[in-house]
Amino acid sequence: MKAFLDMGGYAAYVWPSYALTLTVMVLNIVGARRLLKRSRKDALRRLMIGGTES
Amino acid sequence: MAWTWFHRLASPPHIYRIAGRLTPWLGWPAAVLIGGGLIGGLVLAPPDYQQGDGFRIIYVHAPSAWMSLMVYTTMAVAAAIGLIWRMKVAHAVAASCAPIGASFTFAALVTGSLWGAPMWGTYWQWDPRLTSELILLFLYLGYMGLRSAFDDVQRADRVSAVLAVVGVVNVPIIHYSVVWWNSLHQAPSVMRLGAPTMPPSMLVPLLMMLLGFTLFFGALLLVRLRGEVLSRERSASWIREALHP
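This section reports on the structure supplied with the text. Note that the structure is predicted; figures quoted are calculated from it, not measured. (Residues numbered from 1 in each chain as written. Chains lettered and ligands numbered in written order. Predicted model: local features only at pLDDT ≥ 70, side-chain atom pairs only at ≥ 80, totals over all residues.)

### Details of the overall build of chain A
Step number 1: A tally of regular secondary structure across chain A gives 2 helices and 0 strands.
Step number 2: Its C-alpha atoms give chain A a radius of gyration of 22 Å, clearly above 10 Å, the size a compact globule of 54 residues would have.
Step number 3: Each principal axis of the C-alpha distribution contributes one length, and for chain A these read about 65 × 15 × 10 Å.
Step number 4: Scored against the burial criterion, the 54 residues of chain A give a buried share of 24%. (Helix = DSSP H or I, 4+ residues; strand = E, 2+ residues; numbered from the N terminus. Rg over C-alpha atoms; globule rule 2.2 N^0.38 Å. Buried ≥ 20, exposed ≤ 12 C-beta atoms within 10 Å, placed from the backbone.)

### As for the packing of helix α2 (residues 12-44) of chain B against helix α9 (residues 236-243) of chain B
All names here are of chain B.
Step number 1: Taken N-terminus to C-terminus, the directions of α2 and α9 make an angle of 15°; their axes are 10 Å apart at the nearest point. On the basis of their axis angle, the class for α2 and α9 is roughly parallel. Both α2 and α9 take part in a crossing whose hand is right-handed. Touching P12, P13 and Y16 of α2 are W238, E241 and A242, all from α9.
Step number 2: Residue composition of the contact of α2 with α9, by class: 5 nonpolar, no polar and 1 charged. (Axes fitted to C-alpha atoms, helices over the stretch in contact; angles between N-to-C directions. Parallel < 35°, antiparallel > 145°, perpendicular 65-115°, else oblique. Left-handed = near helix turned anticlockwise from the far one by under 90°. Contact = placed C-beta atoms within 7 Å. Nonpolar A, V, L, I, M, F, W, Y, C, P; charged D, E, K, R; others polar.)

### Section: the environment of V24 of chain A
Step number 1: In this fold, V24 of chain A is placed in helix α2 (residues 11-50).
Step number 2: The residues touching V24 of chain A, leaving out its near neighbours within four places in the chain, are S103, F104 and A107 of chain B.

### Some words on the interface of chain B and chain A
Step number 1: Contact with chain B, which involves 36 residues of that partner, is made by 30 residues of chain A.
Step number 2: Mapped onto the side of chain B that touches chain A, the elements with two or more residues apiece are α3 (58-85), α4 (88-120), α8 (200-232) and α9 of chain B.
Step number 3: In terms of residue count, α4 of chain B provides more of the side of chain B that touches chain A than any other element does, 11 residues in total.
Step number 4: For the side of chain B that touches chain A, the residue count by class is 19 nonpolar, 10 polar and 7 charged.

Bear in mind that shape data such as this cannot, by itself, settle questions of function.
Right, dumping it as structure tokens:
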């Protein structure tokens, strides 16, 4: 396990690379979901205000 | 006749519904492939004979770099379709691509830098590959900045689309930069004519990551696209239909 974490002496380069990439992926998921949720909320508000068919 | 399916495909309610239904079919396979690729790349693949375990950065660097180019190409094609056929949905696709592409371009640059430090002895060099990839990041950021400068979505769509289409010349420059110029960066080992230059135990996890990231992009794009389509829509009847099934 220690050898695995040590990455043959490259731990300081390998692990930050993986951590950053996974962070970018998670932020993308959160960001996409948030965008959709906000658009839904805005669309509902437009329905409440307008209410008319166009 | 051929045009009916095209119009149906491009109609906002249809896009919204189909995108929602399709998302898990891309998202879950992506998760499985990326999970498998991580285990294969970090545990199962043998250390490289020159770079030892340091080469394992390839399993996050190469897919991120692939995303940076593939997403930009998708964005430029969608923007061109939006400009030529005045298709709102195509513009929505292009707008959805930008933040995804920008974030993975950033990841490609930073992981490349972290790989370069021990192997080349430097985090950064004004090298053709590195510089053109940095320009790609600026193209994405410029595209997003340009969009946010307009209140009118349709004007933002048209103006930003021109930038996206013009900027696509950078994509082949990035890809061939390591061939055309003397670069610190290695030549392609997978995306090349002829067989890849890696043994299967190293190659298979990489291919899983590349495919996994591509599907992940598909899933992200669909979720963002639903938001974009919804925010552009003014027809009350279908919003009601979409939000209250």
